[in-house]
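A structural walkthrough
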There are 2 protein chains.
Amino acid sequence: MTSAHLTFDQTGEKIAERVVKMRSSAVRDLFAAASRPDVISLSGGMPDVSLLPQSAIKKAVRAVCEDERAVALQYGSTDGRVQTKQVFCDLMRDIGVRTKPENVLITSGAQEALDLLSKAFINPGDIILAEGPTYLGALQAFSAYEPDIHCIPFDDEGMRMDLLEEELARIGKGNPRLKFLYTIPNFQNPGGVTMSSARRKRLLELAAEYDFMVLEDDPYGRLRYDGGHMVPLKALSDDVIYLGTISKVFAPGLRTGWIVAPKHVLSKVNLVKQGTDLCGSSFDQVVVEHYFTDTPWQKTLQKFVSTYHERRDAMLAALDEYFPAEASWTRPDGGFFVWVTLPEYFDTASMLSEALEAGVTYVPGDSFFPDGKTGKNSMRINFSFAPPEKLNEAIKRLAKVINERLELYRVFLDAGAIKVD
Amino acid sequence: MTSAHLTFDQTGEKIAERVVKMRSSAVRDLFAAASRPDVISLSGGMPDVSLLPQSAIKKAVRAVCEDERAVALQYGSTDGRVQTKQVFCDLMRDIGVRTKPENVLITSGAQEALDLLSKAFINPGDIILAEGPTYLGALQAFSAYEPDIHCIPFDDEGMRMDLLEEELARIGKGNPRLKFLYTIPNFQNPGGVTMSSARRKRLLELAAEYDFMVLEDDPYGRLRYDGGHMVPLKALSDDVIYLGTISKVFAPGLRTGWIVAPKHVLSKVNLVKQGTDLCGSSFDQVVVEHYFTDTPWQKTLQKFVSTYHERRDAMLAALDEYFPAEASWTRPDGGFFVWVTLPEYFDTASMLSEALEAGVTYVPGDSFFPDGKTGKNSMRINFSFAPPEKLNEAIKRLAKVINERLELYRVFLDAGAIKVD
């Protein structure tokens, strides 16, 4: 065979247009670097699965070996197992949403939900609205279908509705290109901020007025450390498309998420899912079902919440102690992340190698914007995975890197080589 | 909220172009109907997982509860767990392909591999070649990216290379729209035919000459009941993109497949997989790894082979006994399916309701062609799932339905109301 070189040379030409502009996830690329044992990673978004009791895993797994074996090992229906859907209905009821299995579709994590919804609804050039910064996995999912993503900034009360209205006025009423708005209302990733009740209501009014769908992504909703429960958008309007996942309340390794949506939305998602992966893992669905049925999962969830609460406090205390006055950051009531903003002349992407050398990693802010340019002076730091003393040490190391840069920048600033608007 | 009706009315308009022409899988739609207990289904493509010994499942599952718990419950890398990749390298070595974990990427079943490769390489209007009829899940995966699928007929030695050459001459050398050829060389789905050695070699020569990639989908390769092992295309050329799955040698419920391909292909697949589902199920990968490491899986595979062998023989015997002279069918050396061709005036889609009434189901042939028109006088029947006596009864019922139609058609033929070319 002589085809080796020919094909090798030509694969670049064969690549689809949609892939040409795709960026590899900075987080993923960092995983390799961050595996050095002396480095404390603040860049991940991982739950601490070591908090899960072994006995609960054993109980949850029992059914796949015993009475539900035939189901767990076989193909399932594309939309998922009805018993597992019922478990998710129960989880939804806890947070104030009444729904039925026929309005639930099970996905391979919430990431697949983002892909399937994008596949079902986005034509190249369509308009998608989202917080900016927003979850980079959502940006990756959307971008495969080549939309125009418009970002709306947030403040401490979540997405700014005044700026959303301005953007909608520019887009215009009844614009057929406007498809949906994507939001993480609780403890946003990467911002850590939570959308206020008033803004939730206003968002839904605007959705009706300007005719766009609302995708509510809620991976962290149950991980609240301060304040009271906020009513989900889905509880305020049946039209909302709600994305849930067990990744942060049980285990991401089981890749199980769900969509709650009107049937006419799910029928399209179901159609595209057939060609995407036929069906999800029956095995994982049976395990998930039994975890939430046979084990004291609420108690385990409380352990997650109290552990992360302590870690968030440790991180905020360390930030207060070590970070310079020039830095500002969000103070999340829950979730996994703090969003740090440095003076605008900072470039956190270029600073990352210095941080890595100092033994700490974070995700540079520009990863969370679709243009890859905005947010260069910001960063996302995670507090869910490392224990308090490690978080303290990590923030201390990071502060040192920032302060060294600050000193350098001050020299340039004094010399007039950097201009501040 | 008053948005309910507004959004309801408008979702149809919001649907993406790529979905408008999508057809729901006839097989999936049939699942509901076929759940009537008196109906014998020949329409599925399911392995008989009841043949898996409970002790093996228990052994395979042990690691996810014990020493590998932290890994099994956590996010994994996008391309999959290296230990599981090594297991697939060992499986590949058994069939004559030497490869390394860095050339393997783990997918959520082979279906996801089809989606990811399509996402990475197909622009709307690109040309994809495939056997016709071919696997309907592949047609669904491809069609989401709006290619022009050209089908090449097969005979008893697989895809006809003379017809492929004619088609390639029409497409032209160096045509940038020509991306890849998709083939199931062993016990093709739905055809049951196997590509001869001579044709395998010729296909790879044509791939080099006309510069297209070859996707070798091999779900059934290890389920051979007659004849000797055929060398995979991947063993003949490193450029071939090989798709494997555990669905037919272990359990489809674990949704684990793999791609073996040159690194430059995998890097693109990896990039699109990040946005599609982040990573596969670590849990399932650990279970799969331990199934192929800690259990006597070859012995279980032999049980699959001997059971399916017996069922294939039962089906072929029943076809010989009950089917009319006007029908012809393939005689597969392995796999799951027989392809039946009836006189050209038959319409197996419209006949399906009569078959269902008679207590048997099959998949109408037009499901396996991208135009949804070709193949109307053919059908796919499955022999892997039902025991011999049920297969015999199902074929008897189906023959009765066909014979009744034949009698009706003969009346029309005699009256000149149906013309035969």
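Residues numbered from 1 in each chain as written. Chains lettered and ligands numbered in written order. Predicted model: local features only at pLDDT ≥ 70, side-chain atom pairs only at ≥ 80, totals over all residues. Heavy atoms only, no water.

So, the overall build of chain A
When helices and strands are counted, chain A shows 16 helices and 15 strands. Taken over C-alpha atoms, the radius of gyration comes to 22 Å for chain A, in line with the 22 Å a tight globule of 421 residues would show. Summarising its shape, the C-alpha atoms of chain A cover approximately 70 × 65 × 50 Å along the three principal directions. Expressed as a percentage of its 421 residues, the buried residues of chain A come to 65%. Contacts spanning at least 24 positions in sequence make up 75% of the contacts within chain A whose residues lie at least 6 apart. When the accessible surface of chain A is split by element, carbon and sulfur atoms take 51% of a total near 15,200 Å². Positive and negative side-chain charges of chain A, numbering 48 and 57 respectively, have mean locations separated by a distance of 4 Å. (Helix = DSSP H or I, 4+ residues; strand = E, 2+ residues; numbered from the N terminus. Rg over C-alpha atoms; globule rule 2.2 N^0.38 Å. Buried < 20%, exposed > 50% of the residue type's maximum accessible area, 1.4 Å probe, protein only. Contact = heavy atoms within 4.5 Å. Areas by Shrake-Rupley, 256 points an atom, 1.4 Å probe, with all protein chains shown as cover. Lys, Arg positive; Asp, Glu negative; His and termini not counted. Charge placed at Lys NZ, Arg CZ, Asp CG, Glu CD.)

A closer look at the relation of the copies chain A and chain B
Mapping chain A onto chain B is achieved by rotating through 180° and translating by 0.0 Å along the same axis, at an RMSD of 0.0 Å. Such a combination of turn and shift is consistent with a two-fold rotation axis. Of the interface residues in chain A, 100% have counterparts in chain B that sit at the interface too, so the contact is made through matching surfaces. (Least-squares fit on C-alpha atoms with pLDDT ≥ 70 in both.)

Section: the side chain of A:Glu131
Residue and element names in this part refer to chain A. Tracing the chain through its elements places Glu131 in strand 3 (residues 127-131). An unpaired buried charge is present at Glu131: no salt bridge exists, and Arg200, the closest side chain of opposite charge, is 8.7 Å distant. Within the structure, Glu131 has its side chain in polar contact with the side chain of Thr183 (distance 2.5 Å). Side-chain polar atoms of Glu131 contact the side chain of Gln188, separated by 3.2 Å. In this structure Glu131 touches Cys151, Ile152, Phe154, Met159, Tyr182, Thr183, Ile184, Gln188 and Met195, once residues within four positions along its chain are discounted. (Salt bridge = Lys/Arg side-chain N within 4 Å of Asp/Glu carboxyl O. Polar contact = N/O pair within 3.5 Å; in protein donor to acceptor, adjacent residues only side chain to side chain.)

Digging into the sheet that holds strand 14 (residues 363-364) of chain B
All names here are of chain B. The antiparallel open sheet is built from four strands, whose spatial order is 11-12-15-14. Among the strands making up the open sheet, the edge pair consists of strand 11 (328-329) and strand 14. Relative to strand 15 (residues 378-382), strand 14 is paired through two bridges, and the arrangement is antiparallel. Its bridge partner being in strand 15, Val363 is matched across the sheet by Arg380. (Pairing = 2+ DSSP bridges.)

Description of the interface of chain A and chain B
Taken together, the contact pairs 94 residues of chain A with 94 residues of chain B. Between chain A and chain B, a total of about 7,900 Å² is buried, with carbon and sulfur atoms accounting for 58% of that surface. Between B:Asp115 and A:Lys119 there is a salt bridge, with the nearest N and O atoms lying 2.7 Å from each other. Our enumeration of links across chain A and chain B arrives at 42 residue pairs in polar contact (both at pLDDT 80 or more). (Buried area = accessible area lost by both parts, 1.4 Å probe.)

Things to note about the UniProt feature "domain: Aminotransferase class I/classII large" (unreviewed entry) in chain A
In the numbering used here, UniProt assigns the feature "domain: Aminotransferase class I/classII large" (unreviewed entry) to residues 38-398 of chain A. In the segment residues 38-398 of chain A, helix accounts for 43% and strand for 16%; the C-alpha atoms at its two ends are 14 Å apart. (UniProt positions renumbered as here; feature names shortened; annotations may be inferred.)

Focus: the domain arrangement of chain A
Reports often express the size of an interface as the amount of accessible area lost when the parts come together. Residues and elements named next belong to chain A. Each assigned domain of chain A is listed with its residue range as follows: domain 1 (14-51 + 299-413) and domain 2 (73-294). The distance between the C-alpha centroids of domain 1 and domain 2 comes to 25 Å. Buried area between domain 1 and domain 2, both sides added, is near 2,700 Å², and the carbon and sulfur share of it is 66%. Counting every contact that joins domain 1 to domain 2 gives one salt bridge. Close ionic contact of Asp226 with Arg312 constitutes a salt bridge, the shortest N to O distance being 2.6 Å. The tally of links between domain 1 and domain 2 comes to eight residue pairs in polar contact (both at pLDDT 80 or more). (Domains from an automatic or database assignment.)

Considering the pattern of salt bridges
Residue and element names in this part refer to chain A. In the structure shown here, the tally under the stated rule is 54 salt bridges over all chains. Note that Glu205 is salt-bridged to Arg202, the shortest N-O span being 2.8 Å. Here the residue Glu205 and the residue Arg202 both occupy positions in helix 10 (residues 197-210), the gap between them amounting to three residues, near one helical turn. A salt bridge links Asp313 to Arg312; the shortest N-O distance between them is 2.7 Å. Judged by its relative accessible area of 4%, Arg312 falls in the buried class. Connected through salt bridges with shared partners, the residues Glu68, Arg81 and Glu289 form a single ionic network.

Here's the deal with the nonpolar core
One finds A:Ile381 and B:Ile381 to be the most contacted residues of the largest nonpolar core, which totals 158 residues. If you look at the next biggest cluster of nonpolar residues, it comprises 80 residues, including A:Leu116, A:Ile122, B:Ala113 and B:Ile241. (Core = buried A, V, L, I, M, F, W, Y, C linked by side-chain atoms within 4.5 Å.)

Description of the packing of helix 7 (residues 109-121) of chain B against helix 8 (residues 136-143) of chain B
All names here are of chain B. Two elements in contact, helix 7 and helix 8, have axes separated by 8 Å at closest approach and are oriented at 30°. Between helix 7 and helix 8, the crossing angle belongs to the class labelled roughly parallel. The chirality of how helix 7 crosses helix 8 is right-handed. Across from Gln111, Leu114, Asp115 and Ser118 in helix 7, the residues of helix 8 making contact are Gly137, Ala138, Ala141 and Phe142. A class-by-class count of the residues in the contact of helix 7 with helix 8 yields four nonpolar, three polar and one charged. (Axes fitted to C-alpha atoms, helices over the stretch in contact; angles between N-to-C directions. Parallel < 35°, antiparallel > 145°, perpendicular 65-115°, else oblique. Left-handed = near helix turned anticlockwise from the far one by under 90°. Nonpolar A, V, L, I, M, F, W, Y, C, P; charged D, E, K, R; others polar.)

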